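One-letter residues, chain by chain:
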Amino acid sequence: MALSLNNIVNVDMVFSPKAAQTRGFGILCILGDTKNVITAGEGYRTYTSSDDVATDFGDDAPETLAAMAYFSQSPKPQTLIIAEPWDSTTDTAISTRVSKLFADYGRNFYGFITATSATVSDDEILKIAQIVESSADSHIYGITLTDLTCANSVYTDESTDLPSKLKRGQYTRTIVFATQYDADDAAYRLNKYLCASALGRMFSVNFSGSMTTITLKFKQAPSLQPTNLTQSQDTNLTARNVNKYVIMSNDTYIIEEGVMSSGMWADERHGSDWLQDLIQTTVYNVLYQSKTKIPQTDDGVARLMAAVANAIDQAVINGFVAPGVWNSDPFGDLESGAYLEKGYYLYAPSVNDQLQNEREARKSPVIQAGIKLAGAIHSVPIIVNINR
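Peer 1: How would you summarise the overall build of the protein if you had to cite specific residues and measurements?
Peer 2: Counting secondary structure elements, the protein contains ten helices and twelve strands. Along the first, second and third principal axes, the C-alpha set of the protein runs to 85 × 80 × 45 Å. Taken across its 388 residues, the protein has 46% of its residues classed as buried. Taking the contacts inside the protein whose residues are at least 6 apart along the sequence as the reference set, 71% of them involve residues at least 24 apart. For the protein, the exposed surface amounts to about 20,400 Å²; the carbon and sulfur share of it is 50%. Averaging the coordinates of the 30 positive side-chain charges in the protein and doing the same for the 43 negative ones gives two points 4 Å apart.

Structure representation (C-alpha cells):
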C-alpha cells in the first residue's frame, strides 16, 4: 500500500463562514383584512407583481389596489409582502395584530401600510405609529388621509386632527399623505393608497449603486390622480408635515414635500436606516469571519474602523453622504467649521486609555463617526439684475 502524502505535507482547507446579510430596505409589508387567502400560520406571502396579488385576492380587494399603486411606480420596486390578515370582525384591535406581526417578522420588511375594507380609527393609527417608532428593527409606516378637512384650518398647537398629533409627537418613522378620493370614480380608486405609491418610489433605490439616492419631492405617482389644492390648503397641510401629490401651475404633477411626521426628510430617514444596518453588519462580519481574534489593541481597533469606513464609503458612492463643512459639535480632532474632504471623519481613543473594567469586559473603545449628508436642493432663489 502506498504511503499517504499527509505524512509529509498535510494541507487543511479552512473556509470562512458566510457573511451575515444586511436587511432589505426596499420591501413593503401590507396588512389587510381579506379572509380565506393567506392561511393561519402562513405568516406572509411574497409578491413581485400586482397581477399575482390580484390572482390571489381579486381585482378590487384593498390589498390588490395597494399593490397596484406600489408596483405602478417608475422605476418599479421589486418586492412586497402581504401578511396574514387582520380579522376586522373580532374584538382584536388592529394594533394588536401589528404588534405580533412586527415581533414575528419585523426583520423581513422595512415599509408598512394597512389596506383594509374596515375603517382604522385615529387611535389605532396612533398606536401603530407608536409600535413602529419603538420597534427593535427600523421601519417606515405609511398613512393616506382621504379626508381633507384639516387642510381648511390653520395649524396650531391645539389642533386635534391626526397629522397634528403625529407632528407634535415627533414621529420620525411615520409618513402621512393627503389626497382627494372618490369611491365612485375609477380614476381615483388607487388614490386611497398614495402612501404605497410614494414608498414604492423610495424603495426602488439601490443603495449599492453609484449616485442612486433620491429625494421624494418632485417625484410622480403613476396611475393616481393629483389633488388640486389652493395655496392656503397646501400651506395648512405642509404646516402639519403632510405630504401630497399636487398639480403645479405649469401642468406638472409632483409629490411634495417628502417629510416624516416629525419634519425629518424621508430620504434621510431611509438612508440613515440603511447606513446604520450596513455599518452594524459590516463590523459584525469582521468579528464573525476572522480566523483569529481581533486583538484589543490599537491595531485591532483600526481594523474595526476600516470596516466602518468601508460602509460609509458606499454612502458617499451612492450620494447619501458628500464632502462638506462640519457645523456640529467638535469631537476627537474634528472642530466645528472643519471641511470633511471625504464626507466623514472617524475617531477612536487609544485602548491604552480604556478603563480597566471595560478592558476586562473585552469592549472596544467607542468608535465615533461624523458624516455630512449630501442633502438635496428643493427650492432655488434667483436674482436677475437688469441694466438698460
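Having seen it, we continue.
Peer 1: How would you explain the layout of surface pockets if you had to name every residue and give the values?
Peer 2: Roughly 630 Å³ of volume is contained in the largest pocket. Every element with two or more residues in the lining of the largest pocket is listed here: β4 (111-115), α4 (122-134), β5 (140-145) and α5 (162-168). Of all the elements, β5 adds the most residues to the lining of the largest pocket, at five residues. Counted by class, the lining of the largest pocket contains 15 nonpolar, nine polar and four charged residues.

Peer 1: Requested: an account of the state of the cysteines, with residues and values cited.
Peer 2: The final tally for this structure, using the stated rule, is zero disulfides. Not part of a disulfide, C29 finds its nearest cysteine sulfur in C195, a span of 12 Å. Counting only cysteine sulfurs, C195 is the nearest neighbor of C150, a cysteine outside any disulfide, at a range of 15 Å. By relative accessible area, which is 7% here, C150 ends up buried.

Peer 1: Give a detailed account of the nonpolar core, specifying residues and quantitative values.
Peer 2: Ranked by size, the top nonpolar core spans 57 residues in total, and within it L28 and L80 carry the most contacts. For this core, the element with the most residues is helix α9 (residues 298-317), which contributes seven residues. If we ignore the near neighbours within four places in the chain, the residues touching L28 are Y70, T79, L80, I81, G111, F112, I113, A196, L199 and F203.

Peer 1: Tell me about the environment of N310, and name the residues and values.
Peer 2: Residue placement: N310 occurs in helix α9. In sequence terms N310 and F102 are 208 residues apart; their C-alpha atoms lie 30 Å from each other.

Peer 1: Tell me about the pairing of strand β8 (residues 253-256), and please be specific about residues and values.
Peer 2: Two strands pair when backbone bridges link them, and strand β7 (residues 242-247) and β8 are joined in this way by four bridges, in the antiparallel orientation. Bridge pairing in β8 links V246 to I254. Hairpin connection, β7 to β8: the antiparallel pair is bridged by five residues, and D251 has positive phi, about 65 degrees.

Peer 1: Report on the side chain of D267, specifying residues and quantitative values.
Peer 2: Residue placement: D267 occurs in helix α8 (residues 266-289). In this structure D267 touches I214, T215 and F320, once residues within four positions along its chain are discounted.

Peer 1: Talk me through the side chain of R173; I want residue IDs and the actual numbers.
Peer 2: Summarising the element assignment, R173 is placed in the loop between α5 and β6 (174-178). Overall, the relative accessible area of 12% leaves R173 in the buried class. There is a polar contact of 3.3 Å between the side chain of R173 and the backbone oxygen of H139.

What counts, and at which threshold
Residues numbered from 1 in each chain as written. Predicted model: local features only at pLDDT ≥ 70, side-chain atom pairs only at ≥ 80, totals over all residues. Heavy atoms only, no water. Helix = DSSP H or I, 4+ residues; strand = E, 2+ residues; numbered from the N terminus. Buried < 20%, exposed > 50% of the residue type's maximum accessible area, 1.4 Å probe, protein only. Contact = heavy atoms within 4.5 Å. Areas by Shrake-Rupley, 256 points an atom, 1.4 Å probe, with all protein chains shown as cover. Lys, Arg positive; Asp, Glu negative; His and termini not counted. Charge placed at Lys NZ, Arg CZ, Asp CG, Glu CD. 1 Å grid on protein atoms, 1.4 Å probe; cavity = no way out; pocket = protein on both sides within 12 Å on 5 of 7 lines; lining within 4 Å. Points joined across faces, edges and corners; volume = space filled by probe spheres on them. Nonpolar A, V, L, I, M, F, W, Y, C, P; charged D, E, K, R; others polar. Disulfide = S-S within 2.5 Å. Core = buried A, V, L, I, M, F, W, Y, C linked by side-chain atoms within 4.5 Å. Pairing = 2+ DSSP bridges. Polar contact = N/O pair within 3.5 Å; in protein donor to acceptor, adjacent residues only side chain to side chain.

By themselves these figures say nothing about function.
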